[in-house]
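Fold and contact review
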Amino acid sequence: MEKEWFTISVYSENNVGLLNRISGIFLKRHINIESLNVSKSEIDEVSKFTIVVNTTEKWVHNIVGQLEKQIEVIKAFYHTDDETIYQESALFKINSDLLFDERQIQNIIKESNSQIVTVAREFFVLAKSGRRHEIDEMHDQLKPFGIMQFVRSGRISVTKDEMKITAMLKEFHLTN
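Rules behind the numbers
The residue count restarts for each chain, going from 1 along the sequence in the order it is written. Where local features are concerned, this predicted model is filtered to residues with pLDDT of at least 70; where side-chain atom pairs are given and counted, the filter is 80 or more; whole-chain, interface and lining totals use all residues. Side-chain figures throughout are based on the complete set of non-hydrogen atoms in the structure, without hydrogens or water. UniProt positions are given in the numbering used here, feature names are shortened, and annotations may be inferred rather than shown by experiment. Salt bridges are defined by distance alone: a side-chain nitrogen of Lys or Arg within 4 Å of a carboxyl oxygen of Asp or Glu. Secondary structure elements are defined from DSSP: runs of H or I of at least 4 residues count as helices, runs of E of at least 2 residues count as strands, and each element is numbered from the N terminus. Only protein chains enter the accessibility calculation, which uses a 1.4 Å probe; a residue is then buried when its area is under 20% of its type maximum, exposed when over 50%, and partly exposed in between. Where helices are involved, their axes are fitted lines through C-alpha atoms of the stretch in contact, as for all axes, and angles between N-to-C directions lie from 0 to 180°. Under this scheme an angle from 65 to 115 degrees is roughly perpendicular, one under 35 degrees roughly parallel, and one over 145 degrees roughly antiparallel; angles in between are oblique. Whether a crossing is left-handed or right-handed is set by the direction in which the near helix is turned from the far one by less than a right angle, anticlockwise for left-handed and clockwise for right-handed. Residues count as neighbours in contact if any of their non-hydrogen atoms are within 4.5 Å of one another. Gly is placed with the polar residues, together with every amino acid not listed as nonpolar (Ala, Val, Leu, Ile, Met, Phe, Trp, Tyr, Cys and Pro) or charged (Asp, Glu, Lys and Arg). Positive residues here are Lys and Arg, negative ones are Asp and Glu, while His and the chain termini are left out of the count. Two N or O atoms form a polar contact when they lie within 3.5 Å of each other; inside protein one atom must be a possible hydrogen donor and the other a possible acceptor, and for residues adjacent in sequence the pair counts only when both atoms belong to side chains.

In the nomenclature of an unreviewed UniProt entry, the protein chain is known as Acetolactate synthase small subunit of Croceitalea vernalis. Turning to the protein chain, the UniProt record has this under Sequence similarities (unreviewed entry): "Belongs to the acetolactate synthase small subunit family." Word for word, the UniProt comment on the protein chain under Function (unreviewed entry) is "Catalyzes the conversion of 2 pyruvate molecules into acetolactate in the first common step of the biosynthetic pathway of the branched-amino acids such as leucine, isoleucine, and valine."

Right, dumping it as structure tokens:
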């Protein structure tokens, strides 16, 4: 089986120590977590972990099975990139002189659909949301001018199809 990118969505109770146990599941299998985001979900009092890995479908299937064995995990799913709509965000801190002296910087800002978040005497900060390759491309374009600081968020993602967990939890609440 060939490796590909998968987004794993884990719906769970928000308990101390769960993140450590989740990362341990990947560690035991020598699978690197490429991106991790944790936030509240569309369901009250339920957290959503969004985890991106590059592995085979067999491995991701096994990992989801192991994740679901964790007591606090309500349900876990995995999806390919084609099955999801996803974004990442990044911040770039650049020397302020460049904003006014380098026409190329202004072109990069315009062409990349990035936003100037703040301008100070010594620096300005750009925000860019998009796919990983778009952020990487912007990074490569800005690098020759000197990037003072750079940070990228983990992937945020929604599925193209309806997530069955919402209906499943509604049904669970109706029966209890």
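1. Quick look at the pattern of salt bridges
One pass over the structure, following the stated rule, counts six salt bridges. A salt bridge links Glu72 to Arg21, with the shortest nitrogen-to-oxygen separation between them at 2.5 Å. With Glu72 in the loop between helix H2 (57-68) and strand S4 (73-80) and Arg21 in helix H1 (residues 18-28), the pair connects residues that are 51 residues apart, well separated along the chain. Judged by relative accessible area, Glu72 falls into the buried class, the value being 10%. In this structure Arg21 comes out as partly exposed when scored by relative accessible area, which is 33%.

2. Here we look at unusual backbone geometry
Unusually for a residue other than glycine, His30 sits at a positive phi of about 55°. With respect to the helices, strands and loops of the structure, His30 is situated in the loop between H1 and strand S2 (33-40). The backbone of Asn113 sits at a positive phi, close to 55°, despite the residue not being glycine.

3. So, the UniProt feature "domain: ACT" (unreviewed entry) in the protein chain
Sites flagged by UniProt as "domain: ACT" (unreviewed entry) map to residues 7-81. A distance of 7 Å separates the end C-alpha atoms of residues 7-81, which is 31% helix and 41% strand.

4. Topic: the packing of H1 against H2
H2 packs onto H1 with a crossing angle of 150° between their chain directions and a minimal axis gap of 10 Å. Judged on the interaxial angle alone, H2 and H1 are roughly antiparallel. Between H1 and H2 lies a crossing of right-handed hand. Residues Ile22, Ile25 and Phe26 of H1 form the contact with H2, whose own contacting residues are Ile63, Gln66 and Leu67. Split into classes, the residues belonging to the contact of H1 with H2 amount to five nonpolar, one polar and no charged.

5. Some details on the side chain of Lys128
Relative to the helices and strands, Lys128 resides in strand S7 (residues 123-130). Salt bridges are absent for the buried Lys128, whose nearest opposite-charge side chain, Glu134, sits at 4.3 Å. Polar contacts involving the side chain of Lys128 include one to the main-chain carbonyl oxygen of Ser112, which spans 2.7 Å. Among residues more than four places away in sequence, those in contact with Lys128 are Glu88, Ser89, Ala90, Phe92, Ser112, Ser114, Glu134, Ile135 and Met138.

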